[in-house]
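# Inside the fold
What follows is the residue order along each chain.
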Amino acid sequence: QVQLVESGGGLVQAGGSLTLSCVASARTAATKGWFRQAPGKEREFVAAITWSGGATSYADSVKGRFTISRDNVKNTVRLQMNSLKPEATAVYYCAVASGLARTLPSMPQQYNYWGQGTQVTVSS
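So, how was this worked out
Residues numbered from 1 in each chain as written. Predicted model: local features only at pLDDT ≥ 70, side-chain atom pairs only at ≥ 80, totals over all residues. Heavy atoms only, no water. Helix = DSSP H or I, 4+ residues; strand = E, 2+ residues; numbered from the N terminus. Rg over C-alpha atoms; globule rule 2.2 N^0.38 Å. Buried < 20%, exposed > 50% of the residue type's maximum accessible area, 1.4 Å probe, protein only. Phe/Tyr/Trp six-rings, centres within 6.5 Å; stacked < 30°, edge-to-face > 60°. Lys NZ or Arg CZ within 6 Å of the ring centre and 35° of its normal. Contact = heavy atoms within 4.5 Å.

### Considerations on the overall build of the protein chain
The helix and strand inventory of the protein chain stands at 0 helices and 11 strands. Secondary structure elements of the protein chain occur, N-terminal to C-terminal, as β-β-β-β-β-β-β-β-β-β-β. Here the C-alpha atoms of the protein chain give a radius of gyration of 13 Å, agreeing with the 14 Å that 2.2 N^0.38 yields for 124 residues. Seen along its three principal axes, the alpha-carbon backbone of the protein chain occupies a region of about 40 × 30 × 25 Å. Out of the 124 residues in the protein chain, the part that is buried amounts to 43%.

### Points about the packing of aromatic side chains
Scanning the entire structure with this criterion turns up 5 aromatic pairs. Centre to centre, the rings of Phe35 and Phe45 are 5.7 Å apart; their planes meet at 75 degrees, and the pair counts as edge-to-face. Linking Phe35 in strand S4 (residues 32-37) with Phe45 in strand S5 (residues 44-49), this pair joins segments that are 10 residues apart in sequence. On the basis of relative accessible area, Phe35 is assigned to the buried category, the value being 0%. You can call Phe45 buried: its relative accessible area is 13%. Seen from their ring centres, Tyr93 and Trp114 are 6.4 Å apart, and the 80 degrees between their planes marks the pair as edge-to-face. Here the residue Tyr93 occupies a position in strand S9 (residues 90-97), and Trp114 occupies one in strand S10 (residues 111-114), the gap between them amounting to 21 residues. When its relative accessible area of 13% is taken as the criterion, Tyr93 is described as buried. Members of the aromatic cluster, connected to one another through ring pairs, are Phe35, Phe45, Tyr93, Tyr111 and Trp114. The ring of Tyr93 carries Arg43 above its face, with NZ or CZ at 3.8 Å from the centroid. Positioned above the aromatic ring of Trp114 is the side chain of Arg43, whose terminal nitrogen or guanidinium carbon lies 4.7 Å from the ring centre.

### Points about the environment of Ser69
Here Ser69 lies in strand S7 (residues 66-71). With a relative accessible area of 33%, Ser69 lands in the partly exposed category. Distance in space between the C-alpha atoms of Ser69 and Ala55 is 9.9 Å, their sequence separation being 14 residues. Those residues in contact with Ser69 that lie beyond four places of it in its chain are Ile49, Thr76, Val77 and Arg78.

By themselves, these figures tell us nothing about what the structure is for.
Now the structure itself:
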């Protein structure tokens, strides 16, 4: 069982930046991802990174503005978010994928460990 703890959320003005962090309780040789869920909406994919960090994937809505990275020594995955827009307001979750370490899944059901989430609010 792996426990994930996110941090770094908060309130920011549109155009601002935030960096989210997620620390795992154990080393996981698996792809890790970030998802977000706004009120009344389904959980949606934001970004994913393979075990080696050699490959990443982003939702079209965040490409060029968000950057995912990981530090396997510290069991940490981060999401740098720049040029934030009000529509980015959501609870952000990190997750560990259940598939092969070199894949970049984008569906929530392809991940089997989840954090409790951290709130990001972007004001206009």
